[in-house]
Structure formats: structure tokens, C-alpha cells
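# Close look at the chain arrangement
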Amino acid sequence: MTPPTTGHGGQLVDVGGQRVRITNLDRVMYPATGTTKAEVLDYYTRVSGALLPQLADRPVTRIRFPEGVTGEKFFEKNIPAGTPAWVRRETIRAAPGTDDEGKELTFPFVDDLATLVWAANSGALELHTPQWRVGPRGGVRHPDRLVIDLDPGPPAGLRECARVALLVAERLRDDGLETFPVTSGSKGLQLYAPLDGLRPVMAVRQYARDLAHELAAAHPELVVAIMRKELRGGKVLLDWSQNTSSKTTITPYSLRGRERPAVAAPRTWDELEDGDLRQLTPDEVLERLERDGDPLAGH
């Protein structure tokens, strides 16, 4: 980004040739740590080389925290009024079985740094994406990744999620699928497996459902595949429903809007085998990227 110039209602910054208005840089977004919007923008700018490939060609649902994480938050799918004309957008009809069924939603696509800065400036701390992409002419493609969301039921935590993740990865390996673990920045973790994009979404959903129920039957003391709260205590829910066309998952490298800043962070299998996991901060993720590179590069 080039140095900002003062403009009405904020500062204008040149980001990759686009003029992006940024505002309230001193606003505290995470009061527990004093993290400001300027620091949020700095994180997203520095992590963009790894984050943007994960966002590319996926419609982005944002969770916005305009006044910070202790203020009001809201989900946003449609582009808001005043969105710059240069932000890529596509109108997509909402999938059956959703609250928006039949509606046409106009999503932004965060395909470049300028749009990422624009989104972060609006208070969009969390960036959620589906498991499918949109083609150059606006067509919705088949899923290009499978995701299993591992959600621990107290007192289970990340340690139990890591044990279950190893079981899931071994089972997916039997079917020729390579998996990549991501701690969610919240309570649990996700496992991603790249797909060839040839199977329709309902086939992928059914595969994920069958997998979850198979593992729950094989490891009933540790795994559950049904969301009923009374069944989940001390176990890890394998949430296969994230593979439906209407669902989105926190994007790897996105911040989370929790009390303290944490990131949906790609991890190594060695870390999961050690079992001593915790969620990572933005600074830790940036340090790991600089030191080790991006485990998701090319995926």
C-alpha cells in the first residue's frame, strides 16, 4: 500500500492501483488485547499471500464487528451500499433448504488485496466461504474440497480433536484423499481434503455423512456424528453438514471475532500427533509463514 492521503470521512490509500478508503484506524477491535483496526489491516495485508488463494473465486460471507468484538456483530452476504465499483461481485440464487431459499444474493469476491483491505476496514473480521467456487461466467462449480469440522463437547478440547483428526485422516487416506488440518481459532479444528471437482455437492455431502457415522460407530467413546447436545459431552462432533451447498466454513488464515484475536491456522500433522495444541495468534501465524511457508500452498 502506498501512503494514505486525507479524504472526507477517512484516508484514501492506493492498494494495487485501487483507491481504498480506510477509517478509524485507532478503533480498538479487541479490547482484551488493545488490538486496533490498524493492526487488523496490517495482519490481513501481511497474510494476504496465503489467504487470497483460499478466498479466490469463492463468494465471501462476512461477520462484521463495526465497533469491535464487544459491540454488535452481524452476518453479511450481499454487498453493502457504497461498495466500490471495482469489487468483483456475482449474483447467486440461494440454495434450497436455507433461510434465503429462492432469493438472489449478490456476494463480493475477495480476490485481491484491495478488496481484502476494503472488507477488513468495514469490520469484517471473519471471512467465511463455501466448499465450491464460481467460474469466470458466474457458474457455480462442484465442490473442490471436502471439509470435516471437528467440534469438541466440553470437557473435550483440542487434544481430543487432534486424536479424532488422526482417525479421520487415516480413513480418508484409505480413499486416496490427502488432508490438511486447520485449528479454527475458536474451539476446534477443521480437516480439508482437496477434491477433483467432478462430484456434485450432494454426493460429497453423502460421503462426508457416511464417513462421520462410520467413525462414530467405530469409536463411540470419542466420536459423535449427531448434533444433539445431550450426546456430545466429552466427545468430538464430526460436522459433515459443512459440505452442503448453503454452508460456509471459516476460511484458513481468517481472524476470528472472539474475545482475543486468534486465527484459523493451518497446522502440521506432527503438531497434532504431539497433542499439545492451542489456538494461534495473528503474530504467531505470520511468524510461522515467514519461517516455514504455507502448508496449504497449491491446495
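This structure, assessed with the given rule, holds one aromatic pair. Its end group placed over the ring of Tyr 207, Arg 199 keeps NZ or CZ at 5.5 Å from the ring centre. Positioned above the aromatic ring of Trp 240 is the side chain of Arg 209, whose terminal nitrogen or guanidinium carbon lies 5.8 Å from the ring centre.

Turning to the sheet that holds strand S15 (residues 236-239), a few remarks are in order. With mixed pairing, six strands are arranged side by side in an open sheet as S14-S15-S11-S13-S12-S17. The two strands at the open ends of the sheet, each matched to only one other strand, are strand S14 (223-224) and strand S17 (265-266). Strands strand S11 (145-152), S14 and S15 of the sheet are contacted by helix H4 (residues 201-218), whose axis makes an angle of about 40° with S11.

Glancing now at the pattern of salt bridges. Per the stated rule, a full pass over the model turns up 20 salt bridges. For Arg 46, the salt bridge identified is with Asp 42, shortest N-O distance 3.4 Å. You can see Arg 46 and its partner Asp 42 sitting in helix H1 (residues 37-55), four residues apart, about one turn around the helix. Between Asp 57 and Arg 88 there is a salt bridge whose closest N-O contact spans 2.8 Å. Here Asp 57, found in the loop between H1 and strand S6 (61-64), pairs with Arg 88, found in the loop between strand S7 (74-76) and strand S8 (89-93); they are 31 residues apart in sequence, far enough to count as distant. Residues joined in a network through salt bridges with shared partners are Asp 57, Arg 88, Glu 90 and Asp 111.

The next point concerns the packing of helix H3 (residues 158-174) against H4. Two packed helices can be described by the angle between their axes and the distance between those axes. Packing of H3 against H4 leaves a shortest axis separation of 11 Å and a crossing angle of 125°. The angle between H3 and H4 falls in the class oblique. Viewed along their axes, H3 and H4 form a crossing whose handedness is right-handed. Judged by residue contacts, Leu 167, Val 168, Arg 171 and Leu 172 of H3 engage Tyr 207, Leu 211, Glu 214 and Leu 215 from H4.

Moving on, we get to the sheet that holds strand S16 (residues 249-250). By definition, the strands of a sheet pair up through backbone hydrogen bonds, in either a parallel or an antiparallel sense. A sheet is described by the order of its strands in space; here four strands give the open sequence S7-S6-S10-S16, paired in antiparallel fashion. On the outer flanks of this sheet lie S7 and S16, each paired with one strand and no other. Alignment of strand S10 (residues 124-129) against S16, held across two bridges, turns out to be antiparallel. Bridge pairing in S16 places Thr 129 opposite Thr 249.

The subject of this paragraph is the packing of H1 against helix H6 (residues 282-292). Where H1 meets H6, the closest approach of the two axes is 10 Å, and the angle between their N-to-C directions is 40°. Considered as vectors, H1 and H6 are oriented oblique to each other. Our pair here, H1 against H6, has a crossing hand that is left-handed. Contacts between H1 and H6 involve Tyr 43, Arg 46, Val 47 and Ala 50 on the former and, on the latter, Pro 282, Val 285, Leu 286 and Leu 289. By residue class, the composition of the contact of H1 with H6 is seven nonpolar, no polar and one charged.

Moving on: the pairing of strand S12 (residues 180-183). Residues Phe 180 and Val 182 line one face of S12 and the alternating positions Pro 181 and Thr 183 line the opposite face, and both faces are buried. Here S12 pairs with strand S13 (residues 189-194) via four bridges, running antiparallel. Among the inter-strand pairings, Val 182 is bridged to a residue of S13, identified as Gln 190. Hairpin remark: S12 followed by S13, antiparallel, with five residues in the connecting loop; positive phi at Gly 185, about 80°. Two elements, S12 and S17, share two bridges in a ladder whose sense is antiparallel. For Val 182, the partnering residue across the bridge sits in S17 and is Pro 266.

Rules and cut-offs
- Residues numbered from 1 in each chain as written.
- Predicted model: local features only at pLDDT ≥ 70, side-chain atom pairs only at ≥ 80, totals over all residues.
- Heavy atoms only, no water.
- Phe/Tyr/Trp six-rings, centres within 6.5 Å; stacked < 30°, edge-to-face > 60°.
- Lys NZ or Arg CZ within 6 Å of the ring centre and 35° of its normal.
- Pairing = 2+ DSSP bridges.
- Helix = DSSP H or I, 4+ residues; strand = E, 2+ residues; numbered from the N terminus.
- Contact = heavy atoms within 4.5 Å.
- Axes fitted to C-alpha atoms, helices over the stretch in contact; angles between N-to-C directions.
- Salt bridge = Lys/Arg side-chain N within 4 Å of Asp/Glu carboxyl O.
- Parallel < 35°, antiparallel > 145°, perpendicular 65-115°, else oblique.
- Left-handed = near helix turned anticlockwise from the far one by under 90°.
- Nonpolar A, V, L, I, M, F, W, Y, C, P; charged D, E, K, R; others polar.
- Buried < 20%, exposed > 50% of the residue type's maximum accessible area, 1.4 Å probe, protein only.

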